[in-house]
Amino acid sequence: MIYVRIDKAQAAAALRRLDPAQFRQRLTGAIRSTLKDAKQDGSQLVKRRYTAKSPLSLGKISVRSAGLNGTMKVSGRRNLIKRFYLTPSTRPPHRPPGGLHVHIVRGSGGNLLHAFVNRAGVVFKNVGGRKLEHLSTISLAGMFKAVGEKVEEKMSQRLERRIEEAFSL
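Report follows, based on the coordinates. (Residues numbered from 1 in each chain as written. Predicted model: local features only at pLDDT ≥ 70, side-chain atom pairs only at ≥ 80, totals over all residues. Heavy atoms only, no water.)

Let's shift gears to the overall build of the protein chain. If you tally the helices and strands in the protein chain, you get 3 helices and 8 strands. Helices and strands in the protein chain line up, N terminus first, as α-α-β-β-β-β-β-β-β-β-α. For the protein chain, the proportion of its 169 residues judged to be buried stands at 25%. The long-range fraction of contacts in the protein chain, counting pairs at least 24 apart against all pairs at least 6 apart in sequence, stands at 60%. Summed over its atoms, the accessible surface of the protein chain is roughly 12,000 Å², and 52% of this surface lies on carbon and sulfur atoms. (Helix = DSSP H or I, 4+ residues; strand = E, 2+ residues; numbered from the N terminus. Buried < 20%, exposed > 50% of the residue type's maximum accessible area, 1.4 Å probe, protein only. Contact = heavy atoms within 4.5 Å. Areas by Shrake-Rupley, 256 points an atom, 1.4 Å probe, with all protein chains shown as cover.)

Following this line, the structure appears as structure tokens:
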């Protein structure tokens, strides 16, 4: 024969932990901390992938959570090439052979033929005749898009783990 005895104090403590008002608090806390970690992870991945001296200063990352929803918004304009690795970085006295060498993504780079740096450090390219084209590069939002899959994967794993931790009895 099997006897089951429930301790009233333990049962009351378990019921207090399962209070519906605390569900919302625990879920919003899990969402908030997951978004905060996702911002840090994304920032680290962007720093590892791109050669900008300070890529996070090239745009804005905002994290908001309200209720059971959370968003991470990345914004910014296209950036000047001079903020990345560029050789020569100043205006040379003569036209460099092979044009300018630009290195934006780590591990890859190339020459921009017919390109030059003006006195302000902005890169232009001769298109033909007297026409010049202003060259720019990727925005911070584009950088995050390139590493977004890894960040989303980590976010889902962390959120699942945090929800399990929040409701473990």
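Read on, since the account is not over.
Now for the environment of V127. In this structure, V127 sits in strand β7 (residues 123-128). With residues near it in sequence (within four places) discarded, V127 still touches L132 and E133.

Glancing now at the sheet that holds β7. With antiparallel pairing, the 3 strands of this open sheet are ordered in space as β6-β7-β8. Both outer strands of the open sheet, β6 (115-117) and β8 (131-134), are each paired with one neighbouring strand and no more. The mean angle between the axes of side-by-side strands here comes to 35°, regardless of whether they run parallel or antiparallel. Strand direction decides the pairing type here: β6 and β7, joined by 3 bridges, are antiparallel. Counted as the bridge partner of V117 is V123 from β7. (Pairing = 2+ DSSP bridges. Axes fitted to C-alpha atoms, helices over the stretch in contact; angles between N-to-C directions.)

Moving on, we come to the pairing of β7. Two successive antiparallel strands, β6 and β7, enclose a turn made up of 5 residues, where G121 displays a positive phi of approximately 90°. Taken together, the 4 bridges between β7 and β8 define a ladder with antiparallel strand orientation. Paired with G128 across the strands is K131, a residue of β8. What sits between β7 and β8 in their antiparallel hairpin is a turn of 2 residues, with G129 showing a positive phi close to 60°.

We now examine the nonpolar core. Ranked by internal contacts, the top residues of the largest apolar core, which has 22 residues, are V46, F84, L86, V123 and M143. Contributing elements (two or more residues each) for this core: α2 (20-49), β4 (100-103), β6 and α3 (140-166). It is α3 that provides the largest number of residues to this core, a total of 5 residues. The contacts of V46, once residues within four sequence positions are left out, are P55, L140, M143, F144 and V147. (Core = buried A, V, L, I, M, F, W, Y, C linked by side-chain atoms within 4.5 Å.)

On the basis of which strands lie adjacent, the open sheet formed by 3 strands has the order β3-β4-β5 and antiparallel pairing. The sheet terminates laterally at β3 (85-87) and β5 (110-112), the two strands that pair on one side only. Averaged over all adjacent pairs, the angle separating strand axes in this sheet is 30°, with direction ignored. Of the pairings in the sheet, the one linking β3 to β4 comprises 3 bridges and is antiparallel in character. Each residue of the ladder has a partner; that of L86, found in β4, is V102.

Now for the side chain of D41. Of note, D41 is situated in helix α2. Of the polar contacts made by the side chain of D41, one reaches the side chain of R158; its length is 2.3 Å. For D41, the residues in contact, after removing those within four places along its chain, are K154 and R158. (Polar contact = N/O pair within 3.5 Å; in protein donor to acceptor, adjacent residues only side chain to side chain.)

So, on to the packing of aromatic side chains. Going through the model one piece at a time under the given rule, you end up with 1 aromatic pair. Pairing F116 with F124 gives two aromatic rings, centres 6.1 Å apart and planes at 25°, and the pair type is stacked. (Phe/Tyr/Trp six-rings, centres within 6.5 Å; stacked < 30°, edge-to-face > 60°.)

As for its placement among the helices and strands, S43 is situated in helix α2. The exposure class assigned to S43 is buried, which follows from its relative accessible area of 9%. Excluding residues that lie within four positions of it along the chain, S43 makes contacts with L56, I61 and F144.

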